[in-house]
Protein chains: 2
Amino acid sequence: MNFIQKLKDPFLSQVADLFPFDFLSQSSEDLLLYGKDWTRVYVPNPSAIAFPRTTEEVSQFLKLCSDHQVAVVPSGGRTGLAGGAVAVQGEIVLSLRRMNRLDAVDELAQTVRVQAGCVTEAVHQHTGLHGLTWPVDFASKGSSQVGGNISTNAGGVKVIRYGLTRQWVLGLQVVTMKGEILELNGALEKNNTGLDLRQLFIGSEGTLGIITEATLKLTRTPGELDVFFFAVDGIPKVLELFQEVRKASFSIMAFEFLTKNCLNLVTQMRGLKAPFSRDYSAYVLIEIERNRALNTESGGKNFEDQMESWLATLFEKELVLDGTLAQSPRDARDLWSLREGISESLSMKGRVHKNDIALPVSGLKNFIEEMNLLFSRRQLGLEVFLFGHIGDGNLHVNTMMPEGMGQEEFERICDAVDLDLFSLVQSYEGSVSAEHGIGLLKKNVLHFSRSPIEIALMKDFKRILDPQGLLNPGKIF
Amino acid sequence: MNFIQKLKDPFLSQVADLFPFDFLSQSSEDLLLYGKDWTRVYVPNPSAIAFPRTTEEVSQFLKLCSDHQVAVVPSGGRTGLAGGAVAVQGEIVLSLRRMNRLDAVDELAQTVRVQAGCVTEAVHQHTGLHGLTWPVDFASKGSSQVGGNISTNAGGVKVIRYGLTRQWVLGLQVVTMKGEILELNGALEKNNTGLDLRQLFIGSEGTLGIITEATLKLTRTPGELDVFFFAVDGIPKVLELFQEVRKASFSIMAFEFLTKNCLNLVTQMRGLKAPFSRDYSAYVLIEIERNRALNTESGGKNFEDQMESWLATLFEKELVLDGTLAQSPRDARDLWSLREGISESLSMKGRVHKNDIALPVSGLKNFIEEMNLLFSRRQLGLEVFLFGHIGDGNLHVNTMMPEGMGQEEFERICDAVDLDLFSLVQSYEGSVSAEHGIGLLKKNVLHFSRSPIEIALMKDFKRILDPQGLLNPGKIF
């Protein structure tokens, strides 16, 4: 089916009859703005943008679209990096932005029900007043929306402590392409009554239904945080350090790693001071929750004493070569920006080809060795910037276009290298998309991580919920 | 389709050809033992028991069964309470008991891959040597198997700390009724590559496929535990206490509640000493992890000082009326047995009708009031024993058959009361099965917790994976 569609009567006149005057926009600004996400690869081409205010409007609209075989792309904060919310085939974009109701926080149950169009950071502010947080946290939280986070099972820098978004969703309200409204699991912590359909919608990138509301599970806002930045002698030591830190029974909030060239790039591009007087081959940022770090063998020792002896051990075992602890919130922000500034600094410096892969944690060491060999063997002069949430097995592999190389040649080479890289990922039973999703961008490499039977099952399930294939067509599979 | 089947040639001769001599048993002892689970309601009637040793055998066998339209019931430790593993229609029971391989524990990744027939406690022992545990823990852990735990998304007494089984499963190997072997997610923490099919099998009670292996996610074995037993003035205060305890930023391992008659019954049936010199209307058992309980406002206070001031607050606010702290592991076991001995004591005392329901935590107070009214309004002389994992919204509602009442009358009354009870549960958007599952036992009341559209979707998904309806037929839907 081809969805290059021109909206016509009677569809348009029925929209005008059934919905408020400002429900559908075909203004060129809206088409441009809402037709795309942060993936700067596709040319947006939506035929209209719908702005529902209620679940009932979503339901009625999808039913109408089904009746008229009009394709729909759901759209949240448009911060996706895999083209999951881009309308390239003349689809109508259904934006959730007007659906931003936040219900009262339930302090006893530690839950809050919100509409899908709520901005992530608005949820944090709303729940923060009660000492609670929805621990889904990443750089784009000021724009990303709850529905998008859930549809992509968003990750971020705190996954090692809190897990993925999936873990923080109690209930979902979903509208199918037929206009059916599903209430999945409500506010129940425990509910073993057959298949947990909610789980199927989490991470399905808007291909099975449109999430309109969600009951979010909250947790206590963490206390004061300590941010350490360590110099480490190479990736094997990074992994040894990870194991040691895990053992310490500290409440680790983040364990992030970056290579030498990442640090040098960020300090250069942002004009930041390097944390150490000399270069090291790798760096690790560790964030822990202050005063929640006592282990059971510590006897009466207080937090500071324990911390000191723990740090001494890391140096004695030569797991770290140098280190610094943030002495103020400003210090902490500066250390974090050494890690969080990498992506932006790369984009500022030049053209970058990005990959977001994941490996079983136990395979990381050998994988990275083989990957480095792969890049060096090809002798292409490509510089690889490696960083990521290594505690979750997640690596961001970024390749910088060398000076003097044309863009077309760079893309051709990257595509070729990708095939080798993903074959390697496959041989380690890894993932070609750890947290960004598949969308349009990774569709052609899905088979490196999912078997033909799995892909066939996904399509079968899709067909049940959207037999005409009108919802987010062409995404994932 | 009716599965009352008599196994015949050529099926039997093909089994003899393809599998080891001891693969299939039709001995009367095996038929009796493996035909049922702990649900003592159904008459087991299997036609044979299969004992595969490998995934390949499972695959080959299910393919053969599909070809001959032979129905199969997967069976683990047979500790289920909803008849999910009972063979009542002449099915072949496929027992996983020979598939009990435990791979080496991966300390860096904190994972272990095991076959589905491993006993839960054997996993604990295996991982415990590395200071790690699979935190799926309940009374039947000495018999229950990993595959069964996952198929029923098992709960237990530590859910408030660790969540349900779902949270501790990284990867699944599943064999479908067509004999296809699926490897779902392997050992990946992060893998956003389309629909997470693994989630659909977790909690599906063996209706979609047979789990043959799993990669389990482990966590540090908790340190020393403190067990408190508190006397509380009624259920509203239990819920207030729950909220206060949550705020304290302690690492709560368990928050269990029981009513006066439960405590009196257990002390009487087990000959245990009552913890307090007088009766109270409700009791709460709280377990916390020692030395992981400092909150951020505590300054330099050590664990004991903080604990003391926390306890003082509970008494000052009249959230608790009396309390005791276990002074030894033996003490702790005794306090725990006041809660864990309830089920057994009820069975010893007489005939009991059991329900395992869940409510949104915020609805518990009003629900319990309405439920008590419901029982008293009917003036049936039924005594209700109420206990459970109240922090998860989970209530075990047990009704004791009064002296002098016939069993048939008791069952008739219970069935009638159940309909009222489940209507009430439905009006609170609760669950008719919090952790036991649906199986055969709760099939007729599934509609109180799941909508017709949801049930239709479950059947559609089932049809895709098992078009002939041969796998665990008649269970759930």
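All of the points below concern the structure found in this document. (Residues numbered from 1 in each chain as written. Chains lettered and ligands numbered in written order. Predicted model: local features only at pLDDT ≥ 70, side-chain atom pairs only at ≥ 80, totals over all residues. Heavy atoms only, no water.)

1. Some points on the side chain of Thr127(A)
Thought 1: Assignment of secondary structure puts Thr127(A) in helix H4 (residues 120–128).
Thought 2: The residues touching Thr127(A), leaving out its near neighbours within four places in the chain, are Val105(A), Val112(A), Leu132(A), Thr133(A), Trp134(A) and Leu218(A). (Helix = DSSP H or I, 4+ residues; strand = E, 2+ residues; numbered from the N terminus. Contact = heavy atoms within 4.5 Å.)

2. Structural notes on unusual backbone geometry
Residue and element names in this part refer to chain A.
Thought 1: Residue Pro 10 is reached from Asp 9 by a cis peptide bond, and omega for that bond is 0°.
Thought 2: The topology assignment puts Pro 10 in the segment before helix H1 (11–18).
Thought 3: At Gln 69, a position not held by glycine, the phi torsion is positive, near 55°.
Thought 4: Residue position: Gln 69 is located in the loop between helix H3 (55–67) and strand S3 (72–75).
Thought 5: Given a relative accessible area of 42%, Gln 69 falls into the partly exposed group.
Thought 6: One non-glycine residue, Asn 185, lies in positive phi territory at about 80°.
Thought 7: Exposure remark for Asn 185: the relative accessible area of 13% places this residue in the buried category. (Buried < 20%, exposed > 50% of the residue type's maximum accessible area, 1.4 Å probe, protein only.)

3. Focus on the relation of the copies chain B and chain A
Thought 1: The operation relating chain B to chain A is a screw motion whose rotation component is 180°, with 0.0 Å of axial translation and a residual RMSD of 0.0 Å. Read as a symmetry element, the transformation amounts to a two-fold axis.
Thought 2: Looking at the interface residues of chain B, 100% of them are also at the interface in chain A, so both copies use one shared face. (Least-squares fit on C-alpha atoms with pLDDT ≥ 70 in both.)

4. Remarks on the sheet that holds S3(A)
Residue and element names in this part refer to chain A.
Thought 1: Strand order in the open sheet formed by four strands is S1-S2-S4-S3, and the pairing between neighbours is mixed. Strands with a single pairing partner mark the edges of an open sheet, and in this sheet they are strand S1 (24–25) and S3.
Thought 2: Direction of pairing for strand S2 (residues 48–50) relative to strand S4 (residues 92–95): parallel, over a ladder of three bridges. Bridge assignment links Ala 48 to a residue of S4, and that residue is Ile 92.
Thought 3: Across the sheet, H3 touches S1, S2, S3 and S4, and the angle it forms with S4 is around 170°. (Pairing = 2+ DSSP bridges. Axes fitted to C-alpha atoms, helices over the stretch in contact; angles between N-to-C directions.)

5. A closer look at the interface of chain B and chain A
Thought 1: With 79 residues of chain B in contact, the opposing surface of chain A contributes 79 residues.
Thought 2: Contact between chain B and chain A buries roughly 7,000 Å² in total, counting both sides, with carbon and sulfur atoms accounting for 60%.
Thought 3: Scanning the region where chain B abuts chain A turns up six salt bridges.
Thought 4: A salt bridge links Glu435(A) to Lys190(B); its shortest N-O distance comes to 2.8 Å.
Thought 5: Secondary-structure elements contributing two or more residues to the side of chain B that touches chain A are strand S8 (181–184), helix H7 (197–201), helix H8 (235–247) and helix H15 (452–465) of chain B. (Buried area = accessible area lost by both parts, 1.4 Å probe. Salt bridge = Lys/Arg side-chain N within 4 Å of Asp/Glu carboxyl O.)

6. Here we look at H8(B)
Each turn of an α-helix holds 3.6 residues, which means side chains three or four residues apart point in the same direction.
Thought 1: Spanning 13 residues, H8(B) covers 19 Å between terminal C-alpha atoms, matching the ideal 18 Å at 1.5 Å per step.
Thought 2: Buried within H8(B) are the following residues: Ile235(B), Val238(B), Leu239(B), Leu241(B), Phe242(B), Glu244(B), Val245(B) and Arg246(B). (Expected span 1.5 Å × (residues − 1).)

7. Quick word on the environment of Met99(A)
All names here are of chain A.
Thought 1: Mapping Met 99 onto the fold places it in the loop between S4 and strand S5 (111–115).
Thought 2: With relative accessibility at 0%, the residue Met 99 sits in the buried group.
Thought 3: A C-alpha to C-alpha distance of 29 Å links Met 99 and Met 458, two positions 359 residues apart in sequence.

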